[in-house]
Amino acid sequence: MTAPAFNPLLAPSPLPYGIPDYAAIEPQHYLPAFQAAFAEQRAEIDAISTEPAAPTFENTLEALERSGALLDTVSRAFYTVNSAHASPEIQEIDEQLAPLMSAHADAIALDSALYERIATVHAQRDDLPLTGEQRRLVERRHTEMVRAGAALDAEAKGRLTKLNSRLATLTTRFEKNLLADTNDLAVVFDSAAELEGLSAGEISAATEAARARGLAGRYVVPLTLFTGHPQLSSLVRPGSRRRLLAASRARAARGNAHDNTAVVREIVRLRAERAELLGYPSHAAYVTADETAGSPEAVRDMLHRLARPAARNAQREKTALEQAAGHPIEASDWAFYTEKVRQESYAIDVVALRPWFEAERVLQDGVFHAAHALYGVSFRERADLVSYHPEVRTFEVLDADGSALGLYLLDLYARDTKRGGAWMNSLVAQSELRGTMPVVVNNLNVAKPGPGEPTLLTLANVTTLFHEFGHALHGLFARVRYPHLAGTAVHRDFVEFPSQVNEMWLLWPEVLANYAVHHETGESLPPEIVDRLQASTTFNQGFETSEYLAAAWLDQAWHCLSAAEAAAVDDVAAFEAAALAEIGLDDPAVPPRYSSTYFQHVFAGGYSAGYYSYIWAEVLDADTGEWFRENGGLSRKAGDRFRRLLLGVGGAKDPLDAYRDFRGRDADIAPLLRRRGLDA
């Protein structure tokens, strides 16, 4: 791969907000740009480490924040594409890059001279004239270098570097295997009759997916990231449902070239070895020590507390489903009969609501409308700004006074080059020091309908869009000086809190009435259906809580192992079964949201030993929901307080201190138990 003479990644972007000039960037530009960026930052770090003057905040911490600007730009440009449009060429670059990135990060994190300078400033922090954000930066940088191994001896650092390099390679392989096997296992149906129960739009999407794969005349249903598939609730034929769920659960565990079982075992063992090298009994202990949870014991206690009532409620739900079905139900039947019972109990057919959830209306009159009502922001589409894929839409975000806030990019549709699930990432991080403004991206995986067909969302899709937009607002609103504290740079078990809060608005009466309009008739969603939706919020929560907790428990079970215990695991499926039995979440009809071989969050994402974060953050979210209801609901006064005291501080303050500033106290768990119907 020969790079052209001009590399657009090595020059300032000519586009507004520093958004990468993807129209000019080719795959062959990335590796040379990374190599140049590595060299530039190493020179910057060497200058800090060898600075003859005594360590100060300015010549050490602030200089460190100024370093790596080019690497930050190149990395964000590449990894955005690698997640959302990973061609074989991009995947090959990612595999080559993984050990290089690991080695570069280790060279900085383990730099003894740099560590000594930071440690000196850290020891003097009480006597220095530091702002609150500066003190936070000193403390975070010091903590992170200690946790990275900067205080280890040379031999231990050498071992640590090898572990990190191998883990970088393995996590990249895990993601590549999962994407390939997920694409291979997309379910091919020969006739529309096998898809009985799906809407015209869903069948159109299956037709389009088949056409794109060269299977004209057939129907392809791609898999989603999680175990359950949205179309299991609609497919009438049990055989079709079984095929879909079986394909989902088989991913990366079939003994083929994309099998992840050996990858999982090695990742778990190496993470445990690394934790022990750093002085922790397990990877979970290492991770949670620097989270708001504090310890794996605190996490396990909470999961146990929730698992018992969740499993009990799931059993009640199962009994009701079997009464409706007239026979024992399998895991593939649960969603289908859940909708039947929902219709009988609440007179709501969630699947039939899709005509009221047309994607553009949900975005403009739901998601954007709620943000405007709460925070005064507005959104102006910028068709002139080309992104990494033609389907990506770009919006300029303006504050209430008309000033520019940043850019919001939306990549809505599924494709074979995009990893599963939904996420937010920052393409450009805000920083007063660097003079940058935020550019944030939301990715979803909505099936794309055929040409001319409307994009109709499920209620789950709508929830996901509001959730991911909550992350986007966090990234857009945070205003900090130092890039290390920008946007969503908070503890992992706090980062989901703002996004979960934003889900609240999708069923808020004024918001729902504004976007839930039938795409053909213009009819608003009938008030009685809105009332029933509100009344049914705890429906099926036994199942939903159990499947989530099962996955969170698997994550903890793997990552609470010592290195010796991890090395002794030779059967991934047997380990999973034993772990689920231990917590009482081993009902075959309620499989975990993710099984190990396709648990991307923890084996290829940033949630290892941290998948509990969603429920942990939901304690804060549910408590905050009560605050909004008590303080004006969807109002600028309430929204501005939430923005100023929480979203706006980014990582510049301890997150629980920020929460206390906002709420006036610590969060109470009772609202969460009530929300999920677990207080009975």
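Everything discussed here concerns the structure shown above.
Parameters at a glance
Residues numbered from 1 in each chain as written. Predicted model: local features only at pLDDT ≥ 70, side-chain atom pairs only at ≥ 80, totals over all residues. Heavy atoms only, no water. Helix = DSSP H or I, 4+ residues; strand = E, 2+ residues; numbered from the N terminus. Rg over C-alpha atoms; globule rule 2.2 N^0.38 Å. Buried < 20%, exposed > 50% of the residue type's maximum accessible area, 1.4 Å probe, protein only. Contact = heavy atoms within 4.5 Å. Areas by Shrake-Rupley, 256 points an atom, 1.4 Å probe, with all protein chains shown as cover. Pairing = 2+ DSSP bridges. Expected span 1.5 Å × (residues − 1). Bend = angle between axes of the 7 residues up to and from the residue. Salt bridge = Lys/Arg side-chain N within 4 Å of Asp/Glu carboxyl O. Axes fitted to C-alpha atoms, helices over the stretch in contact; angles between N-to-C directions. Left-handed = near helix turned anticlockwise from the far one by under 90°. Core = buried A, V, L, I, M, F, W, Y, C linked by side-chain atoms within 4.5 Å. Polar contact = N/O pair within 3.5 Å; in protein donor to acceptor, adjacent residues only side chain to side chain.

Caption draft 1: Representation of the overall build of the protein chain in the model. Broken down by element type, the protein chain carries 26 helices and seven strands. Against the compact-globule benchmark of 26 Å for 680 residues, the protein chain has a radius of gyration of 25 Å, which places it among compact chains. Projecting the C-alpha coordinates of the protein chain onto the three principal axes gives extents of approximately 80 × 60 × 55 Å. The proportion of buried residues among the 680 residues of the protein chain is 57%. For the protein chain, contacts bridging at least 24 residues in sequence account for 76% of all contacts bridging at least 6. Accessible area of the protein chain: about 26000 Å², with a carbon and sulfur share of 52%.

Caption draft 2: Local environment of the pairing of strand β7 (residues 439–446). Most of β7 is tucked away: seven of the eight residues are buried. As judged from the six bridges shared by strand β5 (residues 404–413) and β7, these two strands associate in the parallel manner. Among the inter-strand pairings, Asp 411 is bridged to a residue of β7, identified as Asn 443. Looking at chain direction, strand β6 (residues 423–428) and β7 are connected through five bridges and run antiparallel. By the bridge assignment, Met 424 is partnered in β7 with Asn 442.

Caption draft 3: Examining helix α23 (residues 613–630) more closely. End to end, α23 covers 26 Å across 18 residues, agreeing with the expected 26 Å (1.5 Å per residue, within 8%). When the local axis directions of α23 are compared, the greatest deviation, roughly 30°, occurs at Val 619. Burial analysis of α23 places 15 of its 18 residues in the buried class, which makes it a mostly covered element.

Caption draft 4: Representation of the pattern of salt bridges in the model. Taken as a whole, this structure holds 52 salt bridges when the rule is applied. Between Glu 339 and Arg 342 there is a salt bridge; the shortest N-O distance is 2.9 Å. One end of the pair, Glu 339, and the other, Arg 342, are both in helix α13 (residues 334–346), three residues apart, so they sit about a helical turn from each other. Here the two residues Glu 339 and Arg 342 agree in accessibility, since each one is buried. Arg 393 serves as the salt-bridge partner of Glu 360, at 2.5 Å between the closest nitrogen and oxygen. Separated by 33 residues along the polypeptide, Glu 360 in helix α14 (residues 359–375) and Arg 393 in strand β4 (residues 393–398) bring together distant segments of the chain.

Caption draft 5: Structural detail: the packing of helix α19 (residues 541–559) against helix α21 (residues 572–583). Contact geometry for α19 and α21: axes closest at 10 Å, N-to-C directions at 115°. Note on packing geometry: the crossing formed by α19 with α21 is right-handed. Judged by residue contacts, Ala 550, Trp 553, Leu 554, Ala 557 and Trp 558 of α19 engage Val 572, Phe 575, Glu 576, Ala 579, Leu 580, Glu 582 and Ile 583 from α21.

Caption draft 6: Focus on the sheet that holds β7. Taken together, the five strands give an open sheet; going across it, the order is β3-β4-β5-β7-β6, and neighbouring strands pair in mixed fashion. The open sheet has two edge strands with one neighbour each: β3 (378–381) and β6. Shown here is a sheet whose adjacent strand axes are inclined to one another by a mean of 30°, direction ignored. Along the sheet, helix α15 (residues 459–477) makes contact with β3, β4, β5, β6 and β7, crossing β7 at roughly 170°.

Caption draft 7: Quick peek at the nonpolar core. Formed by 123 residues in total, the largest nonpolar core has its most connected members in Phe 357, Tyr 408, Phe 466, Trp 505 and Tyr 515. Core analysis: the next-biggest nonpolar cluster, separate from the first, contains 32 residues, Ile 19, Phe 34, Phe 78 and Ala 86 among them.

Caption draft 8: Examining the environment of Arg 147 more closely. Position of Arg 147 relative to the elements: it lies in helix α6 (residues 132–148). Look at Arg 147 and you get buried, because its relative accessible area is 12%. Leaving out residues up to four positions away in the same chain, Arg 147 has contacts with Leu 278, Tyr 280, Tyr 286, Val 287, Ala 289 and Asp 290. Of the polar contacts made by the side chain of Arg 147, one reaches the backbone oxygen of Tyr 286; its length is 2.7 Å.

Treat this as a map of the structure, not an account of what it does.
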